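Chain by chain, the residues run as shown.
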Amino acid sequence: MSLEEIVTTVKTLWRFDYEPHVKALRDLYEVAKREQWNAATDIPWELESDPAAVGTLFPRDQDPLNELDFIQNLPAQTRVELNKRRSAWLLSQFLHGEQGAMMCASQLVEAVPDMDGKLYAATQVIDEARHVEVFARYITRLDKIYPIMPNLKTVLNAVLEADLWQMKCVGMQVIAEGLAMGSFKMMREATGDEVLRRVVELTSQDEARHVSYGLIYMREELARMDEASRNRIEDFAWTAVDLLAGRRNAAGNVPPLFHMMGELGLDTGALLKEVQEKFGDPRRFADRPNPVRDYVIPNLQRINVITERTAPNYRALGLAA
Ligand SMILES: [Fe+2]
Ligand SMILES: [Fe+2]
């Protein structure tokens, strides 16, 4: 058993008039009810995945690892095994994110002031429960569930501990959900594994709704807030993006990969040298799909969370024009 406790202070709001008054959220609630699916029966779990394709997450020509001679020269069987473990590691991060989203959605049920917002968030709780179920099950087809990375945990805890519900909404619904939706869409295009394709297809549909909730709600809500609160939200958003997509995050992802390779008996000294030579310059990957740049940033701009004050931070990371 592995439990960890954090203390959160969610302000719980009762709402005693039940008439719909945020129509777009009520409409989204209707869509959410219609689009429910069952992780146990709507995924073709019985399919045998092609061992060479199982767990593939990236298009072959866009996976940076494939640019390394070290990787190209590995025996085919070792490459398949490494790919499975690496995919299990990455999907484990999404799995932990799904649990965070489930708990955040349950906080939103309590904390948002509108009945339409509460009803919709209640559907998201079951959506995220389904995502937890589906990813935990898929990952164990590949390998095992890996621990959460520190930066991701910092972001999720900050969202759960935030005192303003609007902060939870921007941090989870716009940033984390946008990252998940963009990543799942990319995986849907790239994977050669039919089981995973179905998993990310259905999941990304749900995540698209979760992002819509954040955008619909926050566009109006942020405009109503006082400047000091807005500044806090803008800073919160930048910190989350930096933690999830900044350089320290990319660097932090290397040690688990090397550890995995060590477990497979590979000499990681030679690999490290090649990685440093070839990947030293982050601009090398500037033209690759990037879910934060392609999905999260445009949405933050839509709700005016990237302002003149904070835009230089994003520009310095190459994430905004
Ligand atoms: Fe989710
Ligand atoms: Fe979600």
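Our subject is the structure that appears above.
Quick notes on the rules
- Residues numbered from 1 in each chain as written.
- Chains lettered and ligands numbered in written order.
- Predicted model: local features only at pLDDT ≥ 70, side-chain atom pairs only at ≥ 80, totals over all residues.
- Helix = DSSP H or I, 4+ residues; strand = E, 2+ residues; numbered from the N terminus.
- Rg over C-alpha atoms; globule rule 2.2 N^0.38 Å.
- Buried ≥ 20, exposed ≤ 12 C-beta atoms within 10 Å, placed from the backbone.
- Contact = placed C-beta atoms within 7 Å.
- Core = buried A, V, L, I, M, F, W, Y, C linked by C-beta atoms within 7 Å.
- Expected span 1.5 Å × (residues − 1).
- Axes fitted to C-alpha atoms, helices over the stretch in contact; angles between N-to-C directions.
- Parallel < 35°, antiparallel > 145°, perpendicular 65-115°, else oblique.
- Left-handed = near helix turned anticlockwise from the far one by under 90°.
- Nonpolar A, V, L, I, M, F, W, Y, C, P; charged D, E, K, R; others polar.

(A) Structural context of the overall build of the protein. From N to C terminus, the protein includes 13 helices and zero strands. Relative to the 2.2 N^0.38 estimate, which gives 20 Å for 321 residues, the radius of gyration of the protein is 20 Å and therefore close to what a compact globule would have. The dimensions of the protein, computed from C-alpha atoms along their principal axes, are 65 × 45 × 35 Å. Put simply, the protein has 321 residues, and 37% of those count as buried.

(B) A look at the environment of His-210. When you line up the elements, His-210 lands in helix H7 (residues 194-224). Along the sequence, His-210 and Pro-113 sit 97 residues apart, while their C-alpha atoms lie 18 Å from each other. Once you skip the residues sitting within four places of it in the chain, His-210 turns out to touch Gln-124, Gln-173 and Glu-177.

(C) The nonpolar core, seen in detail. Within the largest apolar cluster, 77 residues are counted, with the highest numbers of intra-cluster contacts made by Val-170, Ile-175, Ala-237 and Val-241. Mapped onto this core, the elements with two or more residues apiece are helix H1 (23-34), helix H3 (76-111), helix H4 (115-142), helix H5 (150-161), helix H6 (165-190), H7, helix H8 (227-245) and helix H12 (291-302). Considering each element in turn, this core owes the most residues, 14 residues, to H6. Look past the residues within four positions of Val-241 in its chain and what remains in contact with it is Ile-175, Val-292 and Val-296.

(D) Representation of H8 within the structure. For H8, with 19 residues, the first-to-last C-alpha span of 27 Å sits near the 27 Å given by 1.5 Å per residue. Among the residues making up H8, those that are buried are Ile-233, Glu-234, Phe-236, Ala-237, Trp-238, Ala-240, Val-241, Leu-243, Leu-244 and Ala-245. In this structure, the buried side of H8 is in contact with H5, H6, H7, helix H9 (247-252), H12 and helix H13 (311-316).

(E) Seen up close, H12. Counted at 1.5 Å a residue, the expected span for H12 with its twelve residues is 16 Å, and the 16 Å between its end C-alpha atoms agrees. Of all the residues in H12, the buried ones are Val-292, Tyr-295, Val-296, Ile-297, Asn-299 and Leu-300. In this fold, the buried residues of H12 make contact with H6, H7, H8 and H13. Note on H12: the residue one or two positions beyond its end, Asn-304, has a positive phi of about 60 degrees.

(F) Expanded view of the environment of Pro-255. Here Pro-255 shows up in helix H10 (residues 254-263). Between the alpha carbons of Pro-255 and Gly-182 there is a distance of 25 Å; along the sequence they are 73 residues apart.

(G) Structural view of the packing of H3 against H4. The geometry of H3 relative to H4 is characterised by a closest axis approach of 8 Å and an angle of 160 degrees between their N-to-C directions. Classed by the angle they form, the pair H3 and H4 counts as roughly antiparallel. The hand of the H3/H4 crossing is left-handed. When its residues are assigned to classes, the contact of H3 with H4 shows 19 nonpolar, six polar and four charged.

(H) Local environment of the environment of Gly-280. Tracing the chain through its elements places Gly-280 in the loop between helix H11 (268-279) and H12. We classify Gly-280 as exposed; it has 8 C-beta atoms within 10 Å.

(I) Just unusual backbone geometry, in detail. Even without being a glycine, Asn-304 presents a positive backbone phi close to 60 degrees. Here Asn-304 lies in the loop between H12 and H13.

(J) The arrangement of the packing of H5 against H8 in detail. With their axes 8 Å apart at the nearest point, H5 and H8 run at an angle of 160 degrees to one another. Put simply, H5 runs roughly antiparallel to H8. In terms of crossing hand, the pair formed by H5 and H8 is left-handed. Along its contact with H5, which presents Asn-151, Thr-154 and Val-155, the element H8 presents Ala-240, Leu-243 and Leu-244. Looking at the contact of H5 with H8 residue by residue, the class counts come to four nonpolar, two polar and no charged.

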